[in-house]
Amino acid sequence: LHPCVIEGGLDLRVYPFPRRFPSCYEFAEEDGGKNARLLYEDTTFIVVDKPPMLPTQPDASNYMECCPGCVNDLMGPFTTIGGDPVHRPLLCHRVDNCVGGCVVLSKDRNGQKVFSEYQRNRKVKKLYLTVTENPVPLGMHVHWMWSPKEDGGEDGPNCQLMSHDPPESRRKARAFWTRCVLEVTKSVPITLIKDHHLVTNSDKSETPQKHYQSTIRLVTGRKHQVRAQLSSLGAPILGDTLYGPMSGMTLDKLTDPENDSMDDDMLDEAMAMCRIPRHPIGLQAHAILFAGIKAKARVPWWGDGTGYR
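Here we summarise the structure given alongside this text. (Residues numbered from 1 in each chain as written. Predicted model: local features only at pLDDT ≥ 70, side-chain atom pairs only at ≥ 80, totals over all residues. Heavy atoms only, no water.)

**Quick notes on the state of the cysteines**
Put simply, the rule reads: In this description, a disulfide is simply a cysteine sulfur pair whose atoms lie within 2.5 Å. Here a helix means four or more residues in a row that DSSP labels H or I, a strand means two or more in a row labelled E, and each is numbered from the N terminus. Think of it in three bands: residues with accessible area under 20% of the maximum for their type are buried, residues over 50% are exposed, and the middle band is partly exposed, with areas taken using a 1.4 Å probe on protein chains only.
Enumeration according to the criterion identifies one disulfide in this entry. Put simply, Cys24 and Cys70 are joined by a disulfide, and their sulfur atoms are 1.7 Å apart. The chirality of the disulfide connecting Cys24 with Cys70 is left-handed, given an S-S dihedral of about -115°. One end of the pair, Cys24, is in the segment before strand 1 (30-31); the other, Cys70, is in helix 1 (residues 67-75), with 46 residues separating them in the sequence. Here Cys24 matches Cys70 in class, with each residue buried. Looking at the unpaired Cys67, the closest cysteine sulfur is the one in Cys66, lying at 7.3 Å. By relative accessible area, Cys67 is classed as buried at 0%. In this structure Cys159 is a free cysteine whose sulfur lies 4.1 Å from that of Cys274, the closest cysteine sulfur available. The class of Cys159 is buried, set by a relative accessible area of 4%.

**A few points about the pairing of strand 12 (residues 177-190)**
Worth spelling out the cut-off: Whether two strands pair depends on DSSP finding at least two bridges between them.
Alignment of strand 8 (residues 139-146) against strand 12, held across eight bridges, turns out to be antiparallel. Bridging from a neighbouring strand, His143 pairs with Cys180 of strand 12. Note that strand 12 and strand 15 (residues 211-218) share eight bridges and pair antiparallel. Among the inter-strand pairings, Ser187 is bridged to a residue of strand 15, identified as Ser214.

**Regarding the side chain of Ser163**
Put simply, the rule reads: In protein, a polar contact means a hydrogen-donor-capable atom and an acceptor-capable atom, both N or O and within 3.5 Å, with residues adjacent in sequence counting only if both atoms are side-chain atoms; elsewhere, any N or O pair within 3.5 Å suffices.
With respect to the helices and strands, the residue Ser163 is situated in strand 11 (residues 162-163). On the basis of relative accessibility, which here comes to 5%, the residue Ser163 falls in the buried class. Within polar-contact distance, the side chain of Ser163 engages the side chain of Asp252 at 3.5 Å.

**Description of the nonpolar core**
So the rule is basically this: For our purposes a nonpolar core is just a set of buried Ala, Val, Leu, Ile, Met, Phe, Trp, Tyr and Cys residues, chained together by side-chain atoms within 4.5 Å. Only heavy atoms matter for contacts: two residues are in contact if any of them lie within 4.5 Å across the pair.
Counting residues in each nonpolar core, the largest one holds 32 residues, and the members touching the most others are Phe27, Val48, Val71 and Val226. Among the secondary structure elements, those contributing two or more residues to this core are strand 4 (45-50), helix 1, strand 6 (100-106), strand 12, strand 15, helix 4 (225-232) and strand 16 (283-290). Here this core takes four residues from helix 1, the largest share from any one element. Setting aside residues no more than four positions away along its own chain, Val226 makes contact with Thr130, Leu182, Ile216, Leu218, Ile237 and Leu283. Met162, Ala173, Ala228 and Leu242 belong to the second-largest nonpolar core, a separate cluster that totals 18 residues.

**Quick look at the packing of aromatic side chains**
The condition is simple: For Phe, Tyr and Trp, where Trp contributes only its six-membered ring, two rings pair if their centres lie within 6.5 Å, and the inter-plane angle classes them as stacked under 30 degrees, edge-to-face over 60, or tilted in between. A ring is scored as having a charge over it whenever the NZ atom of a lysine or the CZ atom of an arginine sits within 6 Å of its centre and within 35 degrees of its normal.
Counted by the stated rule, this structure contains seven aromatic pairs. Considering the side-chain rings of Trp301 and Trp302, the 5.7 Å spacing of their centres and the 85° angle between planes classify their relative orientation as edge-to-face. Here the aromatic cluster, defined as three or more aromatic residues joined through ring pairs, consists of Phe45, Phe115, Tyr118 and Phe290. The lysine or arginine in question, Arg88, covers the ring of Tyr63, its NZ or CZ lying 3.9 Å from the ring centre.

**Structural notes on a negative patch on the surface**
Under the convention used in this document: Each patch is built from salt-bridge-free residues with over 30% relative accessible area, joining like charges within 9 Å and nonpolar side chains (Val, Leu, Ile, Met, Phe, Trp, Tyr) within 5 Å. With residues, only the protein chains shown are counted as cover, and all accessible areas are computed by Shrake-Rupley using a 1.4 Å probe. Take a side-chain nitrogen of Lys or Arg and a carboxyl oxygen of Asp or Glu: if they are within 4 Å of each other, that pair is a salt bridge. Neither His nor the chain ends is counted toward charge; the positive residues are Lys and Arg and the negative residues Asp and Glu. For the purpose of locating charges, the reference atoms are NZ of Lys, CZ of Arg, CG of Asp and CD of Glu.
On the surface, Asp263, Asp264, Asp265, Asp268 and Glu269 cluster together into a patch of negative charge. Using a relative accessible area of 48% as the deciding quantity, one classes Asp268 as partly exposed.

Shown next as structure tokens:
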């Protein structure tokens, strides 16, 4: 931040109680004398292991406690290829607040532009790990996200609504839908432990509750894509209060006359229950590969002994 002169008549918004993000300071962790969350650095790019519950972009009330701000303050100083100091790394892509894992930043605008080209040409490979209470079907999944375009933007609810059936025409696809593709390569049962005790079923039977860890290759990168697609498959991500209530609900079921398992009222009731997560969810941006650079995040939060593992 730099001092500046404010002209008369300019409206200012002051936040006396800004939102705080204490997970920011996990970027200061060290392991063997090295920063534990710095996964990769070269003359252009920085790859970090973002802790959950930290925004990648600044909150309106807090410019500093976000991924670029905390990386700069707690991992720096960084220098560009020309030896100039980096005042604040630039974000190359976004990861949801409640999700941890690999985030790429650039030391200059040229690197940010190059990474955008890589993404546009699908030269960035991303792997995610998820934890669900139900197994996720293996294979390639192609779904359609309701995202009507208006004046070049997007309009819709906080939670993304999915359809398993393709649009009726290409014109409708361009105007109202976004194609989402991911591949589930593995889904295996795991046992979760919390506070040194097995996570058991809620029926007091003391039998271990089944959970499944899945490996997902992201083909397209849309807002909340993994969370929305897995919920539409009936396997919402553990702790995802935004998509958990929508489990198994898809828009194509509303238009299917032979389907009596879902109607408009049920969808409205489910959407009314959706809430933005206030705790980490069972999703991690586990690994990323681009331009010969490969980075892998540490053991996810459900496996590091601080929560579920």
